Structure formats: C-alpha cells, structure tokens
Amino acid sequence: MTIHNLYIFDRTGTCLHYSEWHRRRQAGIPKEEEFKLMFGMLFSLCSFVNKMSPTDMREGFVSFQTSRYRLHYLESPSGVRLVLNTDLGVSSARDALQHIYSNLFVELVVKNPLCPPRAPVQSELFRSRLDAFIRGLPFFAPRPS
C-alpha cells in the first residue's frame, strides 16, 4: 500500500497545497493545468453523484477507483477540498483526511495570522507536520515494483 499525492483546494478551485510522495508517473502537463483538471473533475463528479443519488446523501462523494489507483475525497463545511491518491490496497483514507483538515490545516494554516486566506500555503511548519503525519500512516510504504 502506498500514497501517491495530496491536493488541497479552496472552494473556488485554487490549489492551496500539493505534495507528492510515491508518484511514479507525471501528468506531462504544467502543475497549474493539472490542478485545474483535478478540481474540474471533482466538481463535475460531486455534482453528478448528488444529482443521481436515489437518497439524500450525507457524505456524498468520498472516493473512486480506477484499475491503478484510488482517489479519496473530503470536503469540509467551509468548502476546502482534500484529495489523496493511493494505490488500491488502501480501502479508506477518510480518517487520515479528516485529521489533515482538522488537526493540521485548521490549526496551522487557518488559525495562523501569517497565512493569508485563500492563498497557497507557505507555512513550513504545516508542510513538515503534514509530511511526518503521512509518513507515519500504516499505508505509506511504497509498493514493491
């Protein structure tokens, strides 16, 4: 099991933070374009899931998988969206995303007066604590080739 990358978007689609760990293949396009494509896909997928659901969904869209990876998704009440891409061995990263949002992002970015709202995260403390948290997860280790 392994973790490939993490995106954090604000409600308007601005990528506030991006990290990667075991990403083996790059998209072949500039990062800004990749961020726009990822946010657009998430926006469309969430809208589609909400419209097609036969019941009122409390959680809404939480993940999807392809033949190669699983995308885990968390949207906060304030509209911050977290996306964690893992291999297929990780069945749920919901608790990890909730911890990243509540204990790292809110505490070290939102409550930090030196971090301007709706701007890419520049906090080195946030980056180092996030990296330590991700590396400490039981599903962090790279998958054997």
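Thresholds applied
- Residues numbered from 1 in each chain as written.
- Predicted model: local features only at pLDDT ≥ 70, side-chain atom pairs only at ≥ 80, totals over all residues.
- Heavy atoms only, no water.
- UniProt positions renumbered as here; feature names shortened; annotations may be inferred.
- Pairing = 2+ DSSP bridges.
- Helix = DSSP H or I, 4+ residues; strand = E, 2+ residues; numbered from the N terminus.
- Axes fitted to C-alpha atoms, helices over the stretch in contact; angles between N-to-C directions.
- Buried < 20%, exposed > 50% of the residue type's maximum accessible area, 1.4 Å probe, protein only.
- Disulfide = S-S within 2.5 Å.

The chain has the name Trafficking protein particle complex subunit in an unreviewed UniProt entry, where Melopsittacus undulatus is given as its organism. Comment text from UniProt for the chain, heading Subunit (unreviewed entry), reads "Part of the multisubunit transport protein particle (TRAPP) complex. The heterodimer TRAPPC6B-TRAPPC3 interacts with TRAPPC1 likely providing a core for TRAPP complex formation."

Draft legend 1. The sheet that holds strand S4 (residues 70-75), seen in detail. Strand order in the open sheet made by the five strands is S2-S1-S5-S4-S3, with antiparallel pairing throughout. Looking at strand neighbours, the two that pair on one side only are strand S2 (15-20) and strand S3 (63-65), the edges of this open sheet. For this sheet, the mean inter-axis angle between neighbouring strands, taken without regard to orientation, is 10°. Relative to S4, S3 runs antiparallel, the two sharing three bridges.

Draft legend 2. Quick look at the pairing of S4. For S4, the tally of buried residues reaches five of six residues, placing the bulk of the element in the interior. Between the end of S3 and the start of S4, which pair antiparallel, lie four residues. Counting the residues between successive antiparallel strands, the hairpin from S4 to strand S5 (residues 81-86) contains five residues, one of them, Gly79, with a positive phi of roughly 95°.

Draft legend 3. How the structure looks around the state of the cysteines. In this structure the tally under the stated criterion is zero disulfides. No disulfide involves Cys15; its sulfur sits 15 Å from the nearest other cysteine sulfur, which is in Cys115.

Draft legend 4. Representation of the side chain of Thr2 within the structure. Here Thr2 lies in the segment before strand S1 (3-9). The buried category is assigned to Thr2, whose relative accessible area is 2%.

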